[in-house]
Amino acid sequence: MSADSPVDVSELSAKDIEELERKKKADLSWAVSKYIAAEKKFEEASSEFNKCCCDIRQMLCGKKTYVIAVSYQDYLLQSDEDGNFEVTPIERLY
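Computed from a prediction, not measured in an experiment: that's the story for all the values here.

Participant: Could you give an account of the sheet that holds strand 2 (residues 73-79), with specific residues and numbers?
Facilitator: Sheets are built from strands paired through backbone hydrogen bonds, the pairs being either parallel or antiparallel. With respect to topology, three strands assemble into an open sheet ordered 1-2-3, the strand pairing being antiparallel. Looking at the sheet topology across the chains shown, the edges are occupied by strand 1 (64-70) and strand 3 (85-90). Direction aside, the axes of adjacent strands within the sheet are offset by 25° on average. Pairing geometry for strand 2 and strand 3, over six bridges, is antiparallel. Residue pairing across strands places Leu-76 opposite Thr-88, the latter belonging to strand 3.

Participant: So what's going on with the pattern of salt bridges? Residues and values would help.
Facilitator: The tally for this structure, following the rule as stated, stands at four salt bridges. The partner of Glu-18 in a salt bridge is Arg-22, and the shortest N-O contact between them spans 3.0 Å. With Glu-18 and Arg-22 both in helix 1 (residues 14-59) and four residues apart, this pair spans about one turn of that helix. Looking at Glu-18, the relative accessible area reads 48%, which means it is partly exposed. With a closest N to O distance of 3.0 Å, Lys-51 and Asp-55 form a salt bridge.

Participant: Before we move on, could you go through the side chain of Ser-79 and cite the residues and values that matter?
Facilitator: Examined against the element boundaries, Ser-79 turns out to sit in strand 2. There is a polar contact of 2.9 Å between the side chain of Ser-79 and the backbone oxygen of Gly-62. Apart from the residues within four sequence positions on either side, Ser-79 is in contact with Leu-60, Gly-62, Lys-63, Lys-64, Asn-84 and Phe-85.

Participant: Kindly report on the pairing of strand 2, identifying the contributing residues and their values.
Facilitator: Across seven bridges, the pairing between strand 1 and strand 2 is antiparallel. Each residue of the ladder has a partner; that of Val-70, found in strand 2, is Gln-73. Where strand 1 folds back onto strand 2 in an antiparallel hairpin, the turn is made up of two residues, including Ser-71, whose phi is positive at roughly 50°. Linking strand 2 to strand 3, which pair antiparallel, is a turn of five residues; within it Gly-83 sits at a positive phi near 90°.

Participant: Hey, could you go over a nonpolar patch on the surface for me, with residue numbers and the actual values?
Facilitator: Residues Val-32, Tyr-35 and Ile-36 make up a contiguous nonpolar surface patch of about 310 Å² in total accessible area. Relative to the elements of secondary structure, Tyr-35 occurs in helix 1. With a relative accessible area of 54%, Tyr-35 lands in the exposed category.

What counts and what doesn't
Residues numbered from 1 in each chain as written. Predicted model: local features only at pLDDT ≥ 70, side-chain atom pairs only at ≥ 80, totals over all residues. Heavy atoms only, no water. Pairing = 2+ DSSP bridges. Helix = DSSP H or I, 4+ residues; strand = E, 2+ residues; numbered from the N terminus. Axes fitted to C-alpha atoms, helices over the stretch in contact; angles between N-to-C directions. Salt bridge = Lys/Arg side-chain N within 4 Å of Asp/Glu carboxyl O. Buried < 20%, exposed > 50% of the residue type's maximum accessible area, 1.4 Å probe, protein only. Polar contact = N/O pair within 3.5 Å; in protein donor to acceptor, adjacent residues only side chain to side chain. Contact = heavy atoms within 4.5 Å. Patch = residues over 30% accessible without salt bridge, like charges linked within 9 Å, V, L, I, M, F, W, Y side chains within 5 Å. Areas by Shrake-Rupley, 256 points an atom, 1.4 Å probe, with all protein chains shown as cover.

The following block contains the structure:
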């Protein structure tokens, strides 16, 4: 029985069905373990992102525009009176 070819379930023996179920459970286990690892990374990144946003908001005051250089890339940082901000990559100015 090839794993890549379509299977007519009516032609499978109980042993074949059991083998397919074991493989399906193993595949699901692998997929869930990857999901859990990705979820953890996502939560950590989300937490770091939120902390960075709070740090930026604490440094901003009112409606302002800044050009910020980070690792050979310039960014336009624009903020409003409510503490909202937007960071947009721009062409290098020098």
